[in-house]
Amino acid sequence: MKRVVLSFVSAVALALVPSSLLAKPPLRSVAEIEEPLFAVAVAKEIADHCDSLSARFWKGVGELRRLRARANDLGYSDTEIRAYIGSNTEKARMRAKGETLFASRGVSYGKPESFCAFGRTEIKNNSAIGVLLRAK
């Protein structure tokens, strides 16, 4: 009985600890934040390199706001979120991840049409990237 009471007291004490004091994984490790953020970055890169496609600006802004709200719900402060988004290390990592994706899909910076073909395929497939793009 004593063990049950101690376990209950421990559980209650843990529940009262603010979530900000509990260890959180880095945002890059939170797939529900990282993957949609990556989709926004890829869609922007496609729109920047393909004249026949544009980014759905307000859809992208809405997605970024949703991601911030979700990260806040998970216990991340706006300061932590801004640090993640603004980190040169994270930007370089995200760029490398994007370049790997592009290379695997035959997209080349020397061939702007390859961005267009990839973007049109994403739009057709209604993917997370495709919903952030539109044909001009």
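Please read these numbers as outputs of a predicted model, since none were measured by experiment.

Draft legend 1. Region of the structure containing the nonpolar core. Among the nonpolar cores identified, the biggest contains 28 residues, and L27, V42, I46, F102, F118 and I129 are the most heavily contacted of them. Of all the secondary structure elements, the ones that give two or more residues to this core are helix 2 (31-49), helix 3 (57-73), helix 4 (78-86), helix 5 (88-104) and helix 6 (112-124). The element that contributes the greatest number of residues to this core is helix 2, accounting for nine residues. Not counting chain neighbours up to four residues away, the residues in contact with L27 comprise I33, E34, A71, Y76, E80, I81 and Y84.

Draft legend 2. Examining helix 6 more closely. Here helix 6 is 13 residues long and its end C-alpha atoms lie 19 Å apart, about the 18 Å a rise of 1.5 Å per residue gives. Turning to helix 6, its buried residues number three or more, namely S114, F115, C116, F118, G119 and E122. Of the surrounding secondary structure, the elements contacted by the buried residues of helix 6 are helix 2, strand 1 (53-55), helix 5 and strand 2 (133-135). Of the residues trailing helix 6, N126 is marked for its positive phi of about 55°.

Draft legend 3. Region of the structure containing helix 3. The terminal C-alpha atoms of helix 3 lie 24 Å apart, and with 17 residues this matches the ideal 24 Å at 1.5 Å per residue to within 8%. Within the sequence span of helix 3, burial applies to G60, V61, E63, L67 and A71. For helix 3, the angular spread of buried residues about the axis comes to 160°, placing them on one side. What points out from helix 3, more than 90 degrees from its buried face, is the exposed set W58, R65 and D73. Elements in contact with the buried residues of helix 3: helix 2 and helix 4. One or two steps after helix 3, the chain reaches G75, where phi turns positive at roughly 100°.

Draft legend 4. Here's a closer look at the layout of surface pockets. Here the largest pocket is characterised by a volume of approximately 950 Å³. L37, V40, A41, L64 and I85 are the residues nearest the centre of the largest pocket, which is lined by 34 residues in total. Elements with a contribution of two residues or more to the lining of the largest pocket: helix 2, helix 3, helix 4 and helix 5. With 10 residues, helix 2 is the largest single contributor of residues to the lining of the largest pocket.

Draft legend 5. Layout of the state of the cysteines. For the structure shown, the criterion picks out one disulfide. One disulfide in the model links C50 with C116; its S-S distance is 2.0 Å. A torsion of 115° about the S-S bond marks the disulfide between C50 and C116 as right-handed. Of this pair, C50 sits in the loop between helix 2 and strand 1 while C116 sits in helix 6, and the two are 66 residues apart along the sequence. Its relative accessible area of 1% is what places C50 among the buried residues. Given a relative accessible area of 5%, C116 falls into the buried group.

Rules and cut-offs
Note that residues are indexed from 1 along each chain, following the sequence as it is written. Under the rules for a predicted model, residues below a pLDDT of 70 receive no local features and side-chain atom pairs below 80 are neither given nor counted, while totals for whole chains, interfaces and linings still include all residues. Hydrogens are left out, water is left out, and the side-chain values use all remaining heavy atoms of the structure. Nonpolar cores are built from buried Ala, Val, Leu, Ile, Met, Phe, Trp, Tyr and Cys residues. Side-chain atoms within 4.5 Å join them into one set. Exposure classes here rest on a 1.4 Å probe applied to the protein chains alone. A residue is buried below 20% of its type maximum, exposed above 50%, and partly exposed in between. Secondary structure is summarised from DSSP: a helix means a run of H or I of at least four residues, a strand means a run of E of at least two, and numbering begins at the N terminus for each. Every residue pair with non-hydrogen atoms within 4.5 Å of one another is taken to be in contact. The length a helix should cover is 1.5 Å for every residue beyond the first. This arc corresponds to the set of directions leading from the helix axis out to the C-beta atoms. A cavity here means a set of 1 Å grid points, computed over protein atoms only, where a 1.4 Å probe fits but cannot escape. A pocket is an open set with protein on both sides within 12 Å along at least 5 of 7 lines, and lining residues have an atom within 4 Å of a point. Grid points are joined across faces, edges and corners, and a volume is the space filled by probe spheres set on the points. Cysteine sulfur atoms that pair up within 2.5 Å are treated as a disulfide.

In short, the description is geometric, and any link to function would need to be established separately.
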